[in-house]
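# Chain and residue survey
The chain contents come next:
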Amino acid sequence: MMKDVSTGIQHPTYPPPTSPSKQGGDNEKVGEVEEVVDVGDSRTSGSPLPTGPSNGFIWSPAVDGPCVQTGHLRADSSTSSPIVRPVIVGSLVGALGACIYQEGLFSQVFVFKLVYPSVSSPFLVLLIYVLGTFWAWLLPCSGAFGVNEHAMASIIAISAARGSLAVQTFAVQKLYYNAEVDFLVALLGIFATAGFGCGVAGLLDSIAATSSRYVFPNMLPALSLLTDLHQPTQPKSKPSKHFGVAFAGAFVYEIFPAYIFPLLTGINIFCLSSQNASQRVKQTFTNIFGGAAGSEGLGLLSLSFDWQFIGASCLTQPISYQVNTWVGYALCYAAVTGIYYFDLWNARILPIISAAMFDSHGQVFDQSGVLDDHFAMDDDLLRPTSTALYGHLGVEFSFLHMSKMVGATVFSGRPLAILYFAMWSNSAVSTSVYATSQMKFGNQLNLPSRVMFCCVLWGLVLGGLVNFLTMIPIVKNERVNLVSALGLNIWSGQLTQIMNSEAVTWSLAKQLYSIRGRYAIIPFSSVIGFMATSIQYALHKALPSVAMFDGNVIVLPVMLMASSMMTYGNTSSVLSTIIVAAVCRCWLMKKYKKASEASILSLGGALDGGSQLMVLLLSFTVLGGMSTYKPFIKWAGNPLEGNVDYSQRSFMPIWVIGSQNNFTNALKSVGVVKTFICDVTGY
């Protein structure tokens, strides 16, 4: 037993993994794992299970328990593993995942998660396991479907379902610049961004991928599930049965909230009870409580019964991590409401949340009117409008925003150039980090480095091509909804709107983000975030005994990231996500401690996969992805006019509904509290 000095928890130690020479090395076919899989440093004997830094951002052993449980894996009777089967199975599942991702990019399936659109990796791992074992049963001569084949296919599928920033950039170019992208150019762009990132990951292989000091939390659920599925004592039929039942149930149920009964997307008692209220009250209730449609409102106290918006992440993420995100949500509620009702930056003439750009009259900004034939800002056309440009930007800071800040200094006045600069620079970083996580994933299962590299590269390229091919018909058929400032509960182009809005506003950095600009606070927000975390670190060094400062309780990066998540998209699932996480992680898992991590991951992955697959089928059949939109019949659960949660559909500035002078006087005399109460009561 080895003791974790940071937590005091003792971890079991394991023998060193099988020597690569016994598996054929990099130059031979991949062998099966023998005896033991050590999820720590695969080159260090007797290392404990990795739990990562003891904080809520990655994993808190004291609260969440170990994520990856390993043991003796069944040794395969064959001396080598086939290559064709995992490549075919992984490619098929990866293509499905890429389709779900691209459809979800435009149909709001994933817009309210803490990361950009993602497909459940446990679902992909389980689906590969089902297909692989079926192949082995159908063709017994091919041998049993072992852990190494499963790992190879999983790397391909998860990489393909990751999504391509290059394809998102091509979508922005088609939607907002009316410029077509040639297939060959798209193919080369996808391959170049993927290849460069994988190359950087190869350089980091000896540092990050093989060291137990670096933990990639996003891969832990898939790794835990994969290892549990191949335990010799694991009853294989039980996970498959649970997966099949949950998958089928979620698949059938999802047709109701997604098509027949869309009111289930977001039910709010305030929206339902305000049908006969004044326009002023309806609009206020929409801003605060509405959230079932894209960029509708904050969704406060709404309940969602649509699993595609809840997602399995609340079942797998550490509860300490989720608590910090909940605090971030509260900060977002306070910040957005305060900015809007204090009328900062003339916010009251705009929708309360949106990813689009607006002019000084509250109308959607027409960027085509200020761009020349080379997609650069025309100074003569820009002069009368540049000072009246409003952009709804979140406060989340990432390398993508940093790259646009740098691009603004190099390509001032050229939004499309900034967009491509951000694509290349951010792809190099994000793809290399992701590829490194997959290299570590394979390294912990003793896969040769060359095999891992090829699997990741092929998966990224395959996913990018599928993304591109599915993006074309969606953009063609749903262009109007994708560029709409409000969006629908079905289609929304908010992610492409964010990318375009940031590119345009950063191209006008001198007018908007300079010291005297309207939004000077935006570039300095990164400094504020850096100073906040630095102060916490300094306090921890000065007062090491105070737990609040050590990063285990208060995780500022997570809070700040979550504080920007309700500035666009569907917001009706927040309360439901909190309830599901609290019930499952804080009560159910503690009451039934014997339930394995694999069972929980199997359930979450099946629910995600079933709901995502049904939404994919509906999107390309009746919801207009490939043809015209065919709505379900109108009834109480499917109001065809207005928002599905019965809140106010069209955006009305407050000065249209009431008296602008009275509102201004009230704001100046008694402040924002009375103004908010007047909006609610109508007096």
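Please read these numbers as outputs of a predicted model, since none were measured by experiment. (Residues numbered from 1 in each chain as written. Predicted model: local features only at pLDDT ≥ 70, side-chain atom pairs only at ≥ 80, totals over all residues. Heavy atoms only, no water.)

### A closer look at the overall build of the chain
When helices and strands are tallied, the chain shows 29 helices and 4 strands. Looking at the chain as a whole, 57% of its 683 residues qualify as buried. Of the contacts formed within the chain by residues at least 6 apart in sequence, a portion of 79% connects residues at least 24 apart. (Helix = DSSP H or I, 4+ residues; strand = E, 2+ residues; numbered from the N terminus. Buried < 20%, exposed > 50% of the residue type's maximum accessible area, 1.4 Å probe, protein only. Contact = heavy atoms within 4.5 Å.)

### Things to note about the environment of Gly 464
By secondary structure assignment, the location of Gly 464 is in helix H19 (residues 449–477). Taking relative accessible area as the criterion, Gly 464 reaches 2% and is therefore assigned buried. For the pair formed by Gly 464 and Phe 191, sequence separation is 273 residues and the distance between their alpha carbons is 8.3 Å.

### Quick look at the pattern of salt bridges
Taken as a whole, this structure holds 4 salt bridges when the rule is applied. The salt bridge involving Lys 174 is made with Glu 180; its shortest N-O contact spans 2.6 Å. (Salt bridge = Lys/Arg side-chain N within 4 Å of Asp/Glu carboxyl O.)

### Quick look at helix H25 (residues 574–591)
Compared with an ideal rise of 1.5 Å per residue, which puts 18 residues at 26 Å, H25 spans 25 Å between its outermost C-alpha atoms and is within 8% of the ideal. At Cys 584, H25 shows its maximal kink, close to 30 degrees. Along H25, the positions that sit buried rather than exposed are Val 574, Ser 576, Thr 577, Val 580, Ala 581, Cys 584 and Arg 585. (Expected span 1.5 Å × (residues − 1). Bend = angle between axes of the 7 residues up to and from the residue.)

### What to know about the confidence of the model for the chain
Per-chain confidence: the chain averages 76 in pLDDT, with 74% of residues scoring 70 or above. Low pLDDT, under 50, characterises residues 1–79; the predicted model gives this stretch 180 contacts beyond four residues in sequence or across chains. In this model residues 652–683 is a low-confidence stretch, pLDDT under 50, and it forms 44 contacts with partners more than four residues away in sequence or in other chains. (pLDDT = per-residue confidence, 0-100.)

### Regarding the packing of aromatic side chains
The relative placement of two aromatic rings is captured by the distance of their centres and the angle of their planes. According to the stated counting rule, one finds 16 aromatic pairs in the structure shown. Their ring planes at 5 degrees and their centres at 5.9 Å tell us that Phe 123 and Phe 247 sit as a pair that is stacked. Taken together, the positions of Phe 123 in helix H3 (residues 121–138) and Phe 247 in helix H9 (residues 237–253) put the pair 124 residues apart, joining distant regions of the chain. Here Phe 123 and Phe 247 have matching classes, each one buried. Aromatic side chains Phe 285 and Phe 289 sit 5.4 Å apart centroid to centroid with 90 degrees between the ring planes, which places their arrangement in the edge-to-face category. With Phe 285 and Phe 289 both in helix H12 (residues 279–289) and 4 residues apart, the pair spans about one turn of that helix. Here Phe 285 matches Phe 289 in class, with each residue buried. Three or more aromatic residues joined by ring pairs make a cluster, and in this case those are Phe 170, Phe 183, Tyr 420 and Phe 468. (Phe/Tyr/Trp six-rings, centres within 6.5 Å; stacked < 30°, edge-to-face > 60°.)

### Considering the packing of helix H5 (residues 165–176) against helix H21 (residues 494–507)
Where H5 meets H21, the closest approach of the two axes is 9 Å, and the angle between their N-to-C directions is 80 degrees. Regarding the angle of H5 to H21, the classification is roughly perpendicular. Residues Leu 165, Gln 168, Thr 169, Ala 171, Val 172, Leu 175 and Tyr 176 of H5 form the contact with H21, whose own contacting residues are Thr 496, Gln 497, Met 499 and Asn 500. When grouped by side-chain class, the residues that make up the contact of H5 with H21 number 6 nonpolar, 5 polar and no charged. (Axes fitted to C-alpha atoms, helices over the stretch in contact; angles between N-to-C directions. Parallel < 35°, antiparallel > 145°, perpendicular 65-115°, else oblique. Nonpolar A, V, L, I, M, F, W, Y, C, P; charged D, E, K, R; others polar.)

### So, the environment of Gly 610
On the secondary structure map, Gly 610 appears in helix H26 (residues 597–619). The class of Gly 610 is buried, set by a relative accessible area of 0%. Residues Gly 610 and Ala 250, spaced 360 residues apart in sequence, show a C-alpha to C-alpha distance of 4.9 Å. Residues within four places of Gly 610 in sequence aside, it is in contact with Phe 247, Ala 250 and Phe 251.

### Points about helix H8 (residues 220–229)
Along H8, 10 of the 10 residues are buried, which leaves the element largely enclosed by surrounding structure. Buried within H8 are the following residues: Leu 220, Pro 221, Ala 222, Leu 223, Ser 224, Leu 225, Leu 226, Thr 227, Asp 228 and Leu 229.

### Observations regarding unusual backbone geometry
Phi angles above zero are rare outside glycine, and Asn 178 is one such case at about 50 degrees. Phi is positive for Trp 345, close to 55 degrees, though the residue is something other than glycine. Relative to the helices and strands, Trp 345 is located in the loop between helix H15 (319–341) and strand E3 (357–358). Its relative accessible area of 34% is what places Trp 345 among the partly exposed residues.

### Considerations on the packing of helix H4 (residues 147–160) against H19
The description of two helices packed together rests on the angle between their axes and the distance between the axes. Direction vectors running N to C along H4 and H19 enclose 35 degrees, while the axes themselves pass 7 Å from each other. Classified by chirality, the crossing of H19 by H4 is right-handed. Residues Met 152, Ile 155, Ile 156, Ser 159 and Ala 160 of H4 lie in contact with H19, whose contacting residues are Val 451, Met 452, Cys 455, Val 456, Trp 458, Gly 459, Leu 460, Leu 462 and Gly 463. Considering only residue class, the contact of H4 with H19 consists of 11 nonpolar, 3 polar and no charged. (Left-handed = near helix turned anticlockwise from the far one by under 90°.)

### A look at the state of the cysteines
Per the counting criterion, the structure on display carries 0 disulfides. For Cys 455, which is in no disulfide, the shortest distance to another cysteine sulfur is to Cys 454 and amounts to 7.0 Å. Classification of Cys 455 as buried rests on a relative accessible area of 5%. (Disulfide = S-S within 2.5 Å.)

### Regarding the nonpolar core
One recurring pattern in soluble globular proteins: nonpolar side chains tend to sit buried together. Of all hydrophobic cores here, the largest spans 136 residues; its most connected members are Phe 441 and Phe 468. Among the elements that make up this core, the one with the highest residue count is H19 (11 residues). If we ignore the near neighbours within four places in the chain, the residues touching Phe 468 are Val 167, Phe 170, Val 181, Phe 183, Ala 186 and Ile 190. Counting 5 residues, the second-largest nonpolar core is a separate cluster that includes Ile 349, Leu 350, Ala 356 and Phe 358. (Core = buried A, V, L, I, M, F, W, Y, C linked by side-chain atoms within 4.5 Å.)

### Quick notes on the side chain of Gln 497
Residue placement: Gln 497 occurs in helix H21. At 2.5 Å, the side chain of Gln 497 and the backbone oxygen of Ser 484 are in polar contact. With near-sequence residues (within four places) excluded, Gln 497 lies in contact with Tyr 176, Ala 355, Ala 356, Leu 482, Val 483, Ser 484 and Ala 485. (Polar contact = N/O pair within 3.5 Å; in protein donor to acceptor, adjacent residues only side chain to side chain.)

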